[in-house]
Amino acid sequence: MSTDPVGRFLTALDPDHREAISAKPREEQERLAAAWERELADDTELDSLDELSPAAAEAEAARRVLDRVTGSDLSG
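We now turn to the structure provided with this report. (Residues numbered from 1 in each chain as written. Predicted model: local features only at pLDDT ≥ 70, side-chain atom pairs only at ≥ 80, totals over all residues. Heavy atoms only, no water.)

What about the overall build of the protein?
Secondary structure summary: the protein contains five helices and zero strands in total. In the protein, the order of α-helices and β-strands from amino to carboxyl end is α-α-α-α-α. Buried positions account for 36% of the 76 residues belonging to the protein. Put simply, of all contacts in the protein between residues at least 6 apart along the chain, 51% involve residues at least 24 apart. Accessible surface computed for the protein: about 4,700 Å², of which carbon and sulfur atoms make up 50%. (Helix = DSSP H or I, 4+ residues; strand = E, 2+ residues; numbered from the N terminus. Buried < 20%, exposed > 50% of the residue type's maximum accessible area, 1.4 Å probe, protein only. Contact = heavy atoms within 4.5 Å. Areas by Shrake-Rupley, 256 points an atom, 1.4 Å probe, with all protein chains shown as cover.)

Brief notes about the nonpolar core
Note on soluble globular proteins: their nonpolar side chains tend to be buried together. Of all hydrophobic cores here, the largest spans 16 residues; its most connected members are F9, L13, I21, W36 and A62. Of all elements in the fold, only α1 (5–12), α3 (26–42) and α5 (54–70) reach the threshold of two or more residues within this core. It is α3 that contributes the most residues to this core, five residues altogether. (Core = buried A, V, L, I, M, F, W, Y, C linked by side-chain atoms within 4.5 Å.)

Overview of the pattern of salt bridges
Under the criterion given, the structure shown has 12 salt bridges. Among the ionic pairs, E30 bridges to R26, the shortest N-O distance being 3.1 Å. On the criterion of helical spacing, the pair formed by E30 and R26 is a turn pair, its members being four residues apart in helix α3. Notably, a salt bridge pairs E39 with R64, separated by 3.4 Å at the nearest N-O pair. Of the two residues, E39 is situated in helix α3 and R64 in helix α5; the sequence distance between them amounts to 25 residues. Beyond isolated ion pairs, a larger network of salt bridges with shared partners links E39, D43, E45, E60, R63, R64, D67 and R68. (Salt bridge = Lys/Arg side-chain N within 4 Å of Asp/Glu carboxyl O.)

Some points on the packing of α1 against helix α2 (residues 15–22)
Any two packed helices are characterised by the angle at which their axes cross and by the distance between the axes. Closest axis-to-axis distance for the α1/α2 pair is 8 Å, and the angle between their directions is 145°. Across the interface between the two elements, F9, L10 and T11 from α1 touch R18, I21 and S22 from α2. (Axes fitted to C-alpha atoms, helices over the stretch in contact; angles between N-to-C directions.)

Thoughts on α3
A rise of 1.5 Å per residue sets the reference length of α3, with its 17 residues, at 24 Å; its end C-alpha atoms lie 24 Å apart and thus fit the reference within 8%. Listed in full, the buried residues belonging to α3 are Q29, L32, A33, A35, W36, E39 and L40. In a view along the axis of α3, the buried residues occupy a sector of 160°, so they form one face of it. Residues of α3 that are exposed and point more than 90 degrees away from the buried face comprise E27, A41 and D42. (Expected span 1.5 Å × (residues − 1). Arc of directions from axis to C-beta.)

Points about the environment of R26
Judged by relative accessible area, R26 falls into the partly exposed class, the value being 40%. Sequence-wise, R26 and V6 are 20 residues apart; in three dimensions their C-alpha atoms are separated by 8.7 Å. If sequence neighbours within four positions are ignored, R26 has contacts with D4 and V6. Only 3.4 Å separates the side chain of R26 from the side chain of D4, close enough to count as a polar contact. (Polar contact = N/O pair within 3.5 Å; in protein donor to acceptor, adjacent residues only side chain to side chain.)

This is the structure:
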């Protein structure tokens, strides 16, 4: 498993979003990865999911970040 937050964030994304985010500048990727890490740390609902499936918790946090931060508008 990668310890790079951007790499972990990209791994948590579904393939279409992964491709779109990978095309963004590194600074934007880092900003989104930081928001994703905050989501994982701050959301208590994800704590329960993380106990059952860490990958599912990471994917849910990634989805929430994209919905909130980008409004799912991933165009260049």
